[in-house]
Amino acid sequence: MTDYSRPPSQIRAFDCFIDGAWQKAQSGETVTRYSPAHARAVSEVQRCGTADVERAVQAARRAFDHRRWSARSGAERAEILLKAAALIRERRDEIAYYETLENGKAMAQARGEVEGAANIYEYAAGAARALHGDSFNNLGDKMLGLVTREPIGVVGLITPWNFPFFILAERVPFILAAGCTIVCKPSEFTSATSLMMAEILAEAGLPDGVFNVVTGEGSTVGQAILDHPQVDMVSFTGSTAVGRRCVSAAAGNFKKLGLELGGKNPHIVFASADLEAAADGVAFAMAFNSGQCCVSGSRLLVERSVAATFEAMVAAKLARIRVGDPLDLDTQVGAITTHAQNQQILAAIEAGQAEGARLVCGGKPLQIGQGAFVEPTLFADVAAGSALLRDEIFGPVLAVQPFDDFEEAVAIANDTVYGLAASIWSKDIDTAVQMGRRVQAGRVWVNCTLAGGPELPIGGFKQSGWGRETGIYGVEEYTQIKSMHIEFGARVPWVG
Ligand code: NAD
C-alpha cells in the first residue's frame, strides 16, 4: 500500500505505449523526472525519437484506415469512454499522487482535477452519441442534401506540463468521440499520468493502435509529429513560441491545427463589485497551480476610486495562502514545476523591482525542504509598457493597474497580443455584461473566475490560439464536413 503522504522510495519506470503494447524506445535511453517539491527522482520514461514516432504514427494510421474505431457507433464509443471514466475514479489517488510528484501541484487539487477528468469523459460519452450532421429537405422533390461529419483521421496531441492529466481529458475523449486515432506526446516533465491513461483506455476496451503515447523531448518527438505527413491534425497546447513552430510545420503539409496557447488575462474590478468576493477571486486566480495556468488572472485592472483599498484587500488574502509541501493535503499551493520556470518567475520579479515598481507583498523564493517555491507577489505603481503588464510570467505574480472609466478599462484589457480569458467583477449588470461583450477573450467570467466544466467550449482569441476544445464544439473540431447531394428519379440528360 503506497503512502501518499511522502515521496516514493523507488522510481516508477514506464515504457511508451504503441499499438496496444508497452515498448522501449529505440534509443535505449530514458528521461528521469525529479519531483520539483522534493528534488527526488520519482519517475522514468522512454526517450523516444523519430523511429518511435514513426511506429506510433503507423499504428494510429492503420487503426484509422482499417476503421477499427471510426466504424463503431456513437453508443459503442460512449460505452468505452464511460468505462474509462469509472477506471479513472477507481485510480484517483494513484493518478493524483504522480501528477503531484511530477508537477509539484497540491495533491488535494490534483485529486479534484482527476475527478474533473472523469467527469469530462462522461460528458464526452454523451457527445459521441449526440454528434450529428444536417440535412436539406428544401432542394425540391428530386434532390436531398446531407451534411455529414467524419473523423479527421490521425491526431497528434502535444500537451504541456501544467495540467498534464486534466488537459489530456479536455482533448482525448472528444477526439475519440469523433472517431479519430491519437499519437500523444506529453511534456517530458510530466508524462506518467498520460501513460496511466493509456493503460486505462486499453483496459476499458479501446482497440489497439487507437491511443498511442510516445515520450521524450519536444524538439525531437513533438517536432516529428508536427512534420509527419500521415498525421492529419495536430492539437497543440503550450507556449505561443512553440505554437508558431506548429504553424510553420503545417505550412509544409497543410495539416489542420488546434492551438491553445498563452494568455495575459485581465481581472477588471469595478467600484460596483463585491470587493471582498473579487479580492478572493483575484488571489485564487493568480496563485492557483502556482500561477502556472494559461488562464491565470495575470493582470489586475481596478477602478481608481477603490484601487488603494482593493490592493490592501488582495495583499491580505495573498499573505494567508497556504504554500507548502504539495503532498500535505492542507496545502493550497505547491512548487514551481520546472527549474527554467522558477528562474523565469524570479527574474520577472527582479526586473519589476529594478524598474521601480512598488512591491506590495511577496517577492521572494520560499525555503520549504529542497523544493522550488515562490511567495505570491503583488506589485503596484508599475511603469506603462513594463514586462510585468505585457509578458506571460506563468507564476504567482500580479500587478495593479488603475483605470478611470469603462472605456479606459476596455482599452487596457484589450491592449495585449493575447485573448484567452478575462474576469469581470461588478454587481451592476449593465457594466458587467457590456464589458463581457467588449473584452477580447475566448473565455469570460463574470463575478467568478477559473470556472469550468465540459459543457462550454474553451480557446483563445488573437495569439492565444485557434479552434476550440470541449463542449460539442470540442468534438466537431476533430471532424471534417462532407456535403452530399442525392438525386431521385430520371436524370434530365445534358447530352441530348
Ligand atoms: P511548451 O510550449 O514549452 O511545451 C508544450 C509541449 O510542446 C511539450 O510537450 C513540449 O515537449 C512540446 N514541444 C516543445 N518544443 C516542441 C517542438 N519544437 N515541436 C513540437 N513540440 C514541442 O509549453 P510548456 O512550458 O509545457 O507549457 C507552458 C505554456 O503552455 C504556457 O505558455 C501556457 O500559457 C501554455 N498553456 C496554454 C494552455 C491553453 O489552453 N491555452 C493550457 C496550458 C498551457
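**Focus on the site of the ligand**
- Among the 29 residues in the neighbourhood of the ligand, the closest are listed as T159, E188, S239, L261 and E392.
- Between the ligand and the protein, one listed contact pairs an oxygen atom with a side-chain N or O atom of E260 at 3.2 Å.
- At 2.6 Å, a side-chain N or O of E392 approaches an oxygen atom of the ligand.
- For the ligand, whose accessible area on its own is 850 Å², the fraction buried by protein is 89%.
- Within the residue set of the shell around the ligand, elements represented by two or more residues are helix 8 (218–227), strand 11 (233–237) and helix 9 (240–253).
- Among the elements that make up the shell around the ligand, the one with the highest residue count is helix 8 (five residues).
- Its residues assigned to classes, the shell around the ligand shows 12 nonpolar, 11 polar and six charged.
- Of the domains in this structure, domain 1 (12–261 + 464–482) and domain 2 (265–446) are the two that each give at least three residues to the shell around the ligand.

**A short note on the domain arrangement of the protein**
- Domain parsing of the protein yields domain 1 (12–261 + 464–482) and domain 2 (265–446).
- Distance between the C-alpha centres of domain 1 and domain 2: 31 Å.
- On the domain 2 side, the residues contacting the 26 residues of domain 1 number 28 residues.
- Taken over both partners, the interface formed by domain 1 and domain 2 buries close to 2,100 Å², and the fraction arising from carbon and sulfur atoms is 59%.
- If you sort the residues of domain 1 by the area they bury against domain 2, H38, W161 and S464 come out on top, with a joint share of 25%.
- Connecting domain 1 to domain 2 are 12 residue pairs in polar contact (both at pLDDT 80 or more).
- Elements represented by at least two residues in the side of domain 1 that touches domain 2 include exactly helix 3 (92–103) and helix 4 (107–130).
- A per-class count over the side of domain 1 that touches domain 2 returns 12 nonpolar, eight polar and six charged.

**Notes on the sheet that holds strand 23 (residues 479–487)**
- Spatially, the three strands line up as an open sheet ordered 6-7-23, and their pairing is antiparallel. With partners counted over all chains shown, the strands left at the sheet margins are strand 6 (134–136) and strand 23, one partner each. Taken over all neighbouring pairs, the strand axes of this sheet differ in orientation by 20° on average, direction set aside.
- Bridge count for strand 6 against strand 7 (residues 143–151) is three bridges, and the pairing is antiparallel. Its bridge partner lying in strand 7, F136 is registered against G145.

**Here we look at the packing of aromatic side chains**
- Inspection of every chain in the model, using the stated rule, returns nine aromatic pairs.
- Ring centres of F270 and F403 lie 5.3 Å apart, and the angle between their planes is 75°; this geometry places the pair in the edge-to-face category. Remark: F403 occurs in strand 19 (residues 397–403) and F270 occurs in the loop between strand 13 (265–269) and helix 10 (275–287); sequence separation between them is 133 residues.
- Looking at F270, the relative accessible area reads 4%, which means it is buried.
- Judged by relative accessible area, which is 0%, F403 ranks as buried.
- Aromatic pair F284 and F288: ring centres 5.2 Å apart, planes at 55°, arrangement tilted.
- What makes F284 partly exposed here is its relative accessible area of 36%.
- Aromatic rings pair up to connect Y4, Y97 and Y98 into one cluster.
- The ring of Y98 is capped by R12, whose NZ or CZ atom sits 5.0 Å from the centre of that ring.

**Examining the state of the cysteines**
- Inspection of the entire model under this criterion finds zero disulfides.
- In this structure C184 is a free cysteine whose sulfur lies 11 Å from that of C48, the closest cysteine sulfur available.
- Residue C184 is classed as buried on the basis of its relative accessible area, which comes to 0%.
- The structure places no disulfide on C294, whose sulfur is separated from the nearest cysteine sulfur, that of C293, by 6.9 Å.

**Some details on the packing of helix 10 against helix 11 (residues 304–319)**
- The interhelical angle for the contact between helix 10 and helix 11, taken along N-to-C directions, is 55°, at an axis separation of 9 Å. As summarised for this structure, helix 10 and helix 11 are arranged oblique, according to the angle between their axes. The two elements helix 10 and helix 11 meet at a crossing, and its hand is right-handed. Across the interface between the two elements, L275, E276, A278, A279, D280, V282, A283 and M286 from helix 10 touch V306, F310, M313, V314, K317 and L318 from helix 11.

Procedures and definitions
- Residues numbered from 1 in each chain as written.
- Predicted model: local features only at pLDDT ≥ 70, side-chain atom pairs only at ≥ 80, totals over all residues.
- Heavy atoms only, no water.
- Near = heavy atom within 4 Å.
- Polar contact = N/O pair within 3.5 Å; in protein donor to acceptor, adjacent residues only side chain to side chain.
- Areas by Shrake-Rupley, 256 points an atom, 1.4 Å probe, with all protein chains shown as cover.
- Helix = DSSP H or I, 4+ residues; strand = E, 2+ residues; numbered from the N terminus.
- Nonpolar A, V, L, I, M, F, W, Y, C, P; charged D, E, K, R; others polar.
- Domains from an automatic or database assignment.
- Contact = heavy atoms within 4.5 Å.
- Buried area = accessible area lost by both parts, 1.4 Å probe.
- Pairing = 2+ DSSP bridges.
- Axes fitted to C-alpha atoms, helices over the stretch in contact; angles between N-to-C directions.
- Phe/Tyr/Trp six-rings, centres within 6.5 Å; stacked < 30°, edge-to-face > 60°.
- Buried < 20%, exposed > 50% of the residue type's maximum accessible area, 1.4 Å probe, protein only.
- Lys NZ or Arg CZ within 6 Å of the ring centre and 35° of its normal.
- Disulfide = S-S within 2.5 Å.
- Parallel < 35°, antiparallel > 145°, perpendicular 65-115°, else oblique.
- Left-handed = near helix turned anticlockwise from the far one by under 90°.

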